[in-house]
Amino acid sequence: MSESVLVARDGRIAVVTVNRPDKLNALNRDTIALLRARIEELASDAAVGAIVVTGAGEKAFVAGADIAELAEQGVLDGQANAHHGQGLTAAIETAPKPVLAAINGFALGGGLELALACDVRYASTNAKLGLPEVSLGIIPGYGGTQRLPRLVGAGKALEMVLTGDHISAEDALRIGLVQGVFQPGELLDQVKAVAGRMLKRGPTALALAKQAVRRGIHMPIADGLRLEADLFGMISSTEEMREGMRAFLEKRKPSW
Ligand code: COA
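Residues numbered from 1 in each chain as written. Predicted model: local features only at pLDDT ≥ 70, side-chain atom pairs only at ≥ 80, totals over all residues. Heavy atoms only, no water.

In this section: the overall build of the protein chain. Of regular secondary structure, the protein chain possesses eleven helices and ten strands. Here the protein chain has a C-alpha radius of gyration of 19 Å; the compact-globule value for 256 residues is 18 Å, and the two agree. The principal-axis extent of the C-alpha atoms belonging to the protein chain is close to 60 × 40 × 35 Å. Here the protein chain holds 256 residues, and 46% of them are scored as buried. At a minimum sequence separation of 6, the contacts of the protein chain that also span at least 24 residues come to 69%. Carbon together with sulfur atoms contributes 58% to the accessible area of the protein chain, which is approximately 12,900 Å² in total. (Helix = DSSP H or I, 4+ residues; strand = E, 2+ residues; numbered from the N terminus. Rg over C-alpha atoms; globule rule 2.2 N^0.38 Å. Buried < 20%, exposed > 50% of the residue type's maximum accessible area, 1.4 Å probe, protein only. Contact = heavy atoms within 4.5 Å. Areas by Shrake-Rupley, 256 points an atom, 1.4 Å probe, with all protein chains shown as cover.)

This is how it looks when you write it as structure tokens:
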């Protein structure tokens, strides 16, 4: 049996591919555990500067949690399944490096929730995005009810959550759910190009800037500003900052 999560390196970019194409890359419990383990390994690997998450094949990013498994769940294992998926999304959000989603087709239910946990999202023109859980008689459980409204506003999020409708890549771009839309054959290279632009920046600055946004968004603004000032102070103690500023003044590229 082939691995349900593949990792490929392209320089300092790691591409993590959910690999169950015959099930449209649906996330069963084992795949969630493996995906989390791979993300955590890459998060602490100094040779990796950015992580791209995508799905195998041309049809799906991830078509959701594995419905065959969910169909068997009761109250307590339903709660445990939600915690299991939320562990994966937390690993992505707390990784001290950019995580980019390359949404190459259906991103439904847990698939959209996986993408929502990534720092930025790009879709192929054929992508369809949605939270269809209510059509199965359940609700989103991997953060969809919390992250989608924070990203696109409560009205649009509630429309998507309560209808269960899929939206097109163009509509996702219009509402700010994805940051760009590309032809299917170009998606991965375009997302790697964005990652490449990030990798030219200071690695500690990337980690702390991500942390400031990720933690600050859940705080009252006064607390968020204090966090920003603390992290700004912390980055000011790094050799990375000295090098970045020296390079500017000496009119050369920084060497991190
Ligand atoms: N869980 C388990 N299996 C899934 C799945 C999921 N979330 N999504 C797709 N699959 C499986 C199908 O059961 C089918 O398996 P089979 O060939 O063994 O029968 C295979 O993937 C292909 O899917 P299929 O439905 O035949 O493709 P399609 O092109 O007709 O439809 C979708 C594509 C995405 C519209 C449809 O698969 C779908 O609605 N999937 C469920 C989406 C969902 O509700 N996700 C939220 C789950 S909480």
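Enumeration according to the criterion identifies 17 salt bridges in this entry. Note that aspartate 45 is salt-bridged to arginine 9, the shortest N-O span being 2.9 Å. Of this pair, aspartate 45 sits in the loop between helix 1 (29–43) and strand 3 (50–55) while arginine 9 is found in strand 1 (residues 5–10), placing the two residues 36 residues apart along the sequence. By relative accessible area, arginine 9 is classed as partly exposed at 48%. When the shortest N-O distance is used, the salt bridge between glutamate 40 and arginine 36 registers 2.9 Å. Here arginine 36 and glutamate 40 lie together in helix 1, a separation of four residues that amounts to about one turn. Taking the relative accessible area as the measure of exposure, glutamate 40 reaches 38% and is therefore partly exposed. (Salt bridge = Lys/Arg side-chain N within 4 Å of Asp/Glu carboxyl O.)

Lys23, Lys59, Ala63, Ala65 and Ile67 are the nearest of the 16 residues found near the ligand. In the model, a nitrogen atom of the ligand is placed 3.0 Å from a nitrogen or oxygen of the alanine 63 main chain. Here isoleucine 67 contributes a backbone N or O atom positioned 2.9 Å from a nitrogen atom of the ligand. Elements with a minimum of two residues in the shell around the ligand: helix 2 (67–70) and strand 6 (106–108). Its residues assigned to classes, the shell around the ligand comprises ten nonpolar, one polar and five charged. (Near = heavy atom within 4 Å. Polar contact = N/O pair within 3.5 Å; in protein donor to acceptor, adjacent residues only side chain to side chain. Nonpolar A, V, L, I, M, F, W, Y, C, P; charged D, E, K, R; others polar.)

The biggest cluster of nonpolar side chains holds 48 residues, and the ones touching the most others in it are Phe61, Ile103, Leu129 and Leu177. Ranked by size, the runner-up nonpolar core spans 14 residues in total, among them Val15, Ala50, Val52 and Val120. (Core = buried A, V, L, I, M, F, W, Y, C linked by side-chain atoms within 4.5 Å.)

This paragraph deals with the packing of helix 3 (residues 75–94) against helix 4 (residues 110–117). At a minimum axis separation of 8 Å, helix 3 and helix 4 run at an interaxial angle of 25°. Put simply, helix 3 runs roughly parallel to helix 4. Like other packed secondary-structure pairs, helix 3 and helix 4 cross with a definite hand, here right-handed. Between helix 3 and helix 4, the residues in contact are Leu88, Thr89, Ile92 and Glu93 and Glu113, Leu114 and Ala117, respectively. The residue inventory of the contact of helix 3 with helix 4, partitioned by class, reads four nonpolar, one polar and two charged. (Axes fitted to C-alpha atoms, helices over the stretch in contact; angles between N-to-C directions. Parallel < 35°, antiparallel > 145°, perpendicular 65-115°, else oblique. Left-handed = near helix turned anticlockwise from the far one by under 90°.)

This paragraph deals with the packing of aromatic side chains. One pass over the full model with this rule turns up one aromatic pair. Judged by centre distance (6.2 Å) and plane angle (35°), the ring pair of tyrosine 122 and phenylalanine 182 falls under tilted. Within this pair, whereas tyrosine 122 is found in strand 7 (residues 120–124), its partner phenylalanine 182 is found in strand 10 (residues 180–182), the two being separated by 60 residues in sequence. Each member of the pair, tyrosine 122 as well as phenylalanine 182, is classed as buried. (Phe/Tyr/Trp six-rings, centres within 6.5 Å; stacked < 30°, edge-to-face > 60°.)

Note on placement: proline 254 falls in the segment after helix 11 (239–249). Separated by 235 residues in sequence, proline 254 and asparagine 19 have C-alpha atoms that sit 38 Å apart. Beyond its immediate sequence surroundings of up to four residues, proline 254 is in contact with Glu243, Gly244 and Ala247.

Its identity as a non-glycine residue notwithstanding, leucine 24 has a phi of 50°, on the positive side. By the secondary structure assignment, leucine 24 is in the loop between strand 2 (13–18) and helix 1. In this structure, asparagine 25 is a non-glycine residue whose phi angle is positive, near 60°. Counting through the fold element by element, asparagine 25 comes out in the loop between strand 2 and helix 1.

So far we have only geometry, and geometry alone does not tell us how the molecule works.
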